[in-house]
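# Notes for the structure review
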Number of protein chains: 2
Amino acid sequence: MTSADVTRSAIRVDSVEPLWSQAVAAVRMRVADGSLRPGMRLPPERELCLSLAISRVTLRKALLRLVDEGVLKPSHGRGWYVAGDEAKEWPNSLESFSETARRMGLVASSVVLRSEVAMATLDEAERLAIAPGTPVFHLVRVRKLDGVPIAVDRSLVPSHLAPRLDRADFTTASLYETLTRAGLDLVDAGSTIEATEADDDVAAQLGVAERRPILVMHQIVRDRAERPVLSSTIQYAGDRYRLRTFFARAGASSGPMSGFGVD
Amino acid sequence: MTSADVTRSAIRVDSVEPLWSQAVAAVRMRVADGSLRPGMRLPPERELCLSLAISRVTLRKALLRLVDEGVLKPSHGRGWYVAGDEAKEWPNSLESFSETARRMGLVASSVVLRSEVAMATLDEAERLAIAPGTPVFHLVRVRKLDGVPIAVDRSLVPSHLAPRLDRADFTTASLYETLTRAGLDLVDAGSTIEATEADDDVAAQLGVAERRPILVMHQIVRDRAERPVLSSTIQYAGDRYRLRTFFARAGASSGPMSGFGVD
DNA sequence: AAGTGGTCTAGACCACCCC
DNA sequence: GGGTGGTCTAGACCACTTA
């Protein structure tokens, strides 16, 4: 048995989770705990099939998913390799605030300015596709890195989707994790990103001069039924933060699409 | 035969393209030419397998890919549906400038300020992972929508990867398409997005006041060998443009990842 | 030539939706 | 209960890498 060995032990047949999903978790675990280090080659697919006791098709579905997440890299004729730190820290979507903090070795913290349920205004109701006046949980946080204010984050969640959110302490808790644990499955998100100037409110909260550049990201996250679950507006101090994204085409094969936002 | 019928005629066995990729193209064609309209249900998988003469596994690989591109939406127990215009215009990556123009019904054009080969500076060489002094193609364009200047786009391509780029007319041509046609396969891209102020150069080119907010997107596009092929820096007038992204988790199944940049 | 990933197949069974 | 997608399998053959 090599140290890169991945055994069946992690796979439970009676679980509701699909086998490929369990395989994803098993491999991800091995990468997280360090038994699979960046640059290492995984055992050949046919061996992994045996040790995980799943078919090759199922295994490959799992491995491809991990490519999508930036954990693995396939190399035709050579093998599957664990992605280096560079790529691993660049997920196949927008990097979240806490991920950024981890990557840079800084401590992320939040100051909660508002955490309460209030009636949805016309504007808020439209963004969340609910009726005006519906109870909505409002969360306003100043996000900090090593104590320095970086961004103001205003989030909205319809109360009937996740009751009692106002009892949670979002000084440390992650909103995304809290919603997931409440049984919501966030499957897709549309977002817009623009540059504006700081108004006096945001300038004061971030400790920058008025009219300084602000990076604004607005996001609507939906569940499997395409129901808006979360509306989030983050205003970053322009000279203190940079959004990062990474896009990879898994089974590319000369994709006919225009690409990654490049013409 | 229903109007949604997709026949084998489009699939050529002798082609180098994988069958699933050809199936993707066949379905995409039907959507593009209007024989499959938004909201319509596709024939059942088992029927499509017969008409395309491919196995169900292969067909599903193609359909899943189209979900990734925002063309289709699966519905367990009901069928596959053509995505509405809303979703279709939001690819699973950053929306490109011309896509934005199309969505908004505006005419995209470019003014080429510079199109020549020059030696790479230290900074440029580092970004492209080449030696300083290596010949690099420089392309500087002012991107316009309906004649209004929206952004300044500075792109760099190492000359040895695509010779004679300075002969092309990028007033109309797409750089991405030109590179693809030159045989380069752009498979992944890392990018950063930030907000800054307009310096006098950019302010003049965009016709805005100095120190006004600017949205800057920097991007490094790589080929299959992870070799940087294109470095692109786009500076958008803050009050004239908004970047749009859409992220979907195809086979989600309670993803354990933090999400879409949301905490 | 041997090893390894990439594509493809035919068929089975389960889970969900709707009549 | 019948139709439809979702998961899974065992095995075949091809393409790329390495020696």
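Use the structure listed above.
Criteria and thresholds
- Residues numbered from 1 in each chain as written.
- Chains lettered and ligands numbered in written order.
- Predicted model: local features only at pLDDT ≥ 70, side-chain atom pairs only at ≥ 80, totals over all residues.
- Heavy atoms only, no water.
- Least-squares fit on C-alpha atoms with pLDDT ≥ 70 in both.
- Axes fitted to C-alpha atoms, helices over the stretch in contact; angles between N-to-C directions.
- Helix = DSSP H or I, 4+ residues; strand = E, 2+ residues; numbered from the N terminus.
- Parallel < 35°, antiparallel > 145°, perpendicular 65-115°, else oblique.
- Left-handed = near helix turned anticlockwise from the far one by under 90°.
- Contact = heavy atoms within 4.5 Å.
- Nonpolar A, V, L, I, M, F, W, Y, C, P; charged D, E, K, R; others polar.
- Buried area = accessible area lost by both parts, 1.4 Å probe.
- Salt bridge = Lys/Arg side-chain N within 4 Å of Asp/Glu carboxyl O.
- Near = heavy atom within 4 Å.
- Polar contact = N/O pair within 3.5 Å; in protein donor to acceptor, adjacent residues only side chain to side chain.
- Buried < 20%, exposed > 50% of the residue type's maximum accessible area, 1.4 Å probe, protein only.
- Core = buried A, V, L, I, M, F, W, Y, C linked by side-chain atoms within 4.5 Å.

### Side note on the relation of the copies chain A and chain B
You can overlay chain A on chain B at an RMSD of 0.1 Å; the transform is a turn of 180 degrees with a shift of 0.1 Å along its axis. What the rotation and shift describe, once combined, is the action of a two-fold rotation axis.

### Remarks on the packing of helix α1 (residues 19–32) of chain A against helix α3 (residues 56–68) of chain A
All names here are of chain A. Two numbers describe how α1 lies on α3: the axes approach to 8 Å, and their chain directions differ by 50 degrees. Relative to α3, α1 is oriented oblique. Crossing geometry of α1 relative to α3 is assigned as right-handed. Along the contact surface, α1 presents Leu 19, Trp 20, Ala 23, Val 24, Val 27 and Arg 28, while α3 presents Thr 58, Lys 61, Ala 62, Arg 65 and Leu 66. Here the residues of the contact of α1 with α3 are counted per class, giving seven nonpolar, one polar and three charged.

### With respect to the interface of chain A and chain B
Between chain A and chain B, the residue contacts involve 69 residues of the former and 69 residues of the latter. For the pair chain A and chain B, the summed buried area comes to about 6,100 Å², and 51% of that belongs to carbon and sulfur atoms. Between the two partners, chain A and chain B, sit six salt bridges. Of the charged contacts, one joins Glu 194 of chain A and Arg 242 of chain B as a salt bridge, the two residues approaching to 3.1 Å between their closest N and O atoms.

### Notes on the protein's contact with DNA strand C
Around DNA strand C sit 27 residues, and of these Arg 56 and Arg 60 of chain A together with Leu 19, Ser 55 and Thr 58 of chain B come closest. At 3.0 Å from a base nitrogen of DNA strand C is found a side-chain nitrogen or oxygen belonging to His 76 of chain B. Broken down by secondary-structure element, the contributors of at least two residues to the surface near DNA strand C are α2 (45–52), α3, β1 (72–75) and β2 (79–82) of chain A together with α1 (19–32) and α3 (56–68) of chain B. For the surface near DNA strand C, the element with the most residues is α3 of chain B, which contributes four residues. Here the residues of the surface near DNA strand C sort into nine nonpolar, eight polar and ten charged.

### So, the protein's contact with DNA strand D
The local shell around DNA strand D holds 27 residues, among which Leu 19, Ser 55, Thr 58 and Arg 78 of chain A together with Arg 60 of chain B are the closest. Restricting the count to atoms of DNA strand D within 4 Å of the protein gives a sugar and phosphate share of 68%. Between Arg 56 of chain A and DNA strand D, the recorded distance is 3.3 Å, taken from a side-chain N or O atom to a base nitrogen. Interatomic distance of 3.0 Å between a side-chain N/O atom of His 76 of chain A and a base nitrogen of DNA strand D. Mapped onto the surface near DNA strand D, the elements with two or more residues apiece are α1 and α3 of chain A together with α2 (45–52), α3, β1 (72–75) and β2 (79–82) of chain B. A per-class count over the surface near DNA strand D returns nine nonpolar, eight polar and ten charged.

### Describing helix α5 (residues 97–104) of chain A
Of all the positions in α5 of chain A, only Phe 97, Glu 99, Thr 100 and Ala 101 of chain A are classed as buried. One or two steps after α5 of chain A, the chain reaches Gly 105 of chain A, where phi turns positive at roughly 70 degrees.

### Considering the nonpolar core
The biggest cluster of nonpolar side chains holds 66 residues, and the ones touching the most others in it are Leu 179 and Tyr 236 of chain A together with Leu 179 and Tyr 236 of chain B. Leaving out residues up to four positions away in the same chain, Tyr 236 of chain B has contacts with Phe 97, Ile 150, Ala 151, Leu 206, Pro 213, Ile 214, Leu 215, Tyr 241 and Leu 243 of chain B.

### With respect to the pattern of salt bridges
A side chain of one charge can pair with a side chain of the opposite charge if their charged atoms are brought near each other. Taken as a whole and assessed by the stated rule, the structure comprises 28 salt bridges over all chains. Two residues, Arg 143 of chain A and Asp 153 of chain A, come together in a salt bridge whose shortest N-O distance is 3.8 Å. Taken together, the residues Arg 143 of chain A in strand β4 (residues 135–145) and Asp 153 of chain A in strand β5 (residues 148–158) connect sequence positions ten residues apart. A relative accessible area of 7% places Arg 143 of chain A in the buried class. Taken together, the shared-partner salt bridges in this structure form one network comprising Arg 141, Arg 143 and Asp 153 of chain A together with Asp 263 of chain B.

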